[in-house]
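Here are the chains, one letter per residue:
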Amino acid sequence: MKTLLTSAVSLAAMATGAFAADDVTLQLKWVTQAQFAGYYVALENGYYEEADLDVEIKAGGPDIAPVQVLLGGGADVMVDWMPSALAARENGAPIVNIAQPFKSSGMMLTCLKENGVASPEDFPGKTLGVWFFGNEYPFLSWMSKLEIPTDGGEAGVEVLKQGFNVDPLLQGQAACISTMTYNEYWQVIDAGISEDDLITFKYEDEGVATLEDGLYVLEENLADPAFEDKMVRFVAASMKGWKWAEENPEAAAEIVLEYDETGAQTLNHQVRMMGEVAKLTAGSNGALDEADYTRTVETLMGGGSDPVITKEPEGAWTHAITDKALN
């Protein structure tokens, strides 16, 4: 297995008295998989090393909250979805988006047609599997837009707090479950269910898509010119990794597998995942698009009596890092 640290400066470089590379710790939102291929590619291909960075990538998991790791000093930068990042900031966490590799959303609801769901009009009275830990916000905004209560009853939906698996659909516990285009949807297919037996509702198509994997740091750290410079180099190297991964999906998937310490991932699944992830990063140079940001904020503020955020954050997001990284 590969270590999750980039190679430090070479012995030859140290012998000549060269300065050591700057340390950067990246906390991922989830486990090692092609969802984060760009960072592993940048690590493996030496893009971080070329930028004088010694990067450690920390895998996430169901018991890891990236924002808490960031606030606790366990990482310099984290990958998180904007809904949870905005909610955290409104609750007092001084975090800032410094880059947005994902331009499109991969979240959707996947339903078995036999459960009587053909359109959102069929949701009332059904049980829907929903991810929490910050992933529930787009769903709640969507239900508010549809004016469907989420506390059960004939006119509402029963929300099942879904684990990060597809069991509720396979075991008949829910009519629909949360899936990502690049991951859980294919787990359903691999479980033996035909695509013809499924119907999906992509958040992008429903007009409630919110920005997903972005890079965030503590706002106060950006006041340090040395930290800002380090992040400029990190973003530039990371985006170089992402663009390489888009163009070389199979090779990128193989790199991801090298860093999977669990041994749980398979090449077939990772290649397929990388192909879908490339659709979400396509068109992004890392800069946070104002229109995408505005759409996300408006969706989250449109949560009816229980909006995800109550106001647009003041001075929350800066393009300074990406702008400098692109120049």
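Remember, predicted model here, so these are calculated numbers, not experimental data.

Observations concerning the packing of aromatic side chains
Right, on to step 1. For the coordinates displayed, the defined rule picks out 11 aromatic pairs.
Right, on to step 2. On the numbers, 4.6 Å between centres and 45° between planes, the contact of Trp30 with Phe164 is tilted. Linking Trp30 in the loop between strand 1 (22-27) and helix 2 (37-44) with Phe164 in the loop between strand 7 (158-161) and helix 7 (167-170), this pair joins segments that are 134 residues apart in sequence.
Right, on to step 3. Their ring planes at 85° and their centres at 5.6 Å tell us that Tyr39 and Trp242 sit as a pair that is edge-to-face. Remark: Trp242 occurs in helix 9 (residues 225-247) and Tyr39 occurs in helix 2; sequence separation between them is 203 residues.

Quick look at the pairing of strand 4 (residues 95-99)
Right, on to step 1. Among the 5 residues in strand 4, 5 count as buried, and that is most of the element.
Right, on to step 2. Across 4 bridges, strand 4 lies against strand 10 (residues 214-218) in antiparallel orientation. Across the sheet, Val96 pairs through a bridge with Val217, a residue of strand 10.

Brief notes about the sheet that holds strand 3 (residues 77-80)
Backbone hydrogen bonds hold the strands of a sheet together, and the pairing may be parallel or antiparallel.
Right, on to step 1. The 5 strands are arranged 2-1-3-10-4 in an open sheet whose pairing can be described as mixed. The outermost strands of the open sheet, each flanked by one partner alone, are strand 2 (53-58) and strand 4. On average, each strand axis in the sheet is tilted by 30° relative to the strand beside it, whichever way the strands run.
Right, on to step 2. Contacting strand 1, strand 2, strand 3 and strand 10, helix 2 crosses the sheet at an angle of about 140° to strand 2.
Right, on to step 3. Where helix 5 (residues 82-90) meets the sheet, its contacts fall on strand 3, strand 4 and strand 10, and the angle it forms with strand 4 comes to roughly 150°.

A short note on the layout of surface pockets
Unoccupied space between atoms shows up once a probe the size of one water molecule is rolled over them.
Right, on to step 1. Here the largest pocket is characterised by a volume of approximately 470 Å³.
Right, on to step 2. Lining the largest pocket are 27 residues, and of these Lys29, Pro66, Asp80, Phe133 and Asn135 lie nearest its centre.
Right, on to step 3. Only helix 4 (66-71) and helix 5 provide two or more residues apiece to the lining of the largest pocket.
Right, on to step 4. The biggest single contributor to the lining of the largest pocket is helix 5, with 3 residues.

A word on the nonpolar core
Right, on to step 1. With 70 residues, the main nonpolar core has Tyr39, Phe123, Leu215 and Phe234 as its most contacted residues.
Right, on to step 2. Per-element tally for this core: the top contributor is helix 9, with 9 residues.
Right, on to step 3. Those residues within four positions of Tyr39 in sequence are excluded, and the remaining contacts are Leu26, Leu28, Tyr48, Ile57, Val79, Pro101, Leu215, Phe234, Ser238 and Trp242.
Right, on to step 4. Among the nonpolar cores identified, the runner-up in size contains 20 residues, and Ala88, Tyr216, Leu288 and Leu300 belong to it.

Scoring rules and cut-offs
- Residues numbered from 1 in each chain as written.
- Predicted model: local features only at pLDDT ≥ 70, side-chain atom pairs only at ≥ 80, totals over all residues.
- Heavy atoms only, no water.
- Phe/Tyr/Trp six-rings, centres within 6.5 Å; stacked < 30°, edge-to-face > 60°.
- Helix = DSSP H or I, 4+ residues; strand = E, 2+ residues; numbered from the N terminus.
- Buried < 20%, exposed > 50% of the residue type's maximum accessible area, 1.4 Å probe, protein only.
- Pairing = 2+ DSSP bridges.
- Axes fitted to C-alpha atoms, helices over the stretch in contact; angles between N-to-C directions.
- Contact = heavy atoms within 4.5 Å.
- 1 Å grid on protein atoms, 1.4 Å probe; cavity = no way out; pocket = protein on both sides within 12 Å on 5 of 7 lines; lining within 4 Å.
- Points joined across faces, edges and corners; volume = space filled by probe spheres on them.
- Core = buried A, V, L, I, M, F, W, Y, C linked by side-chain atoms within 4.5 Å.

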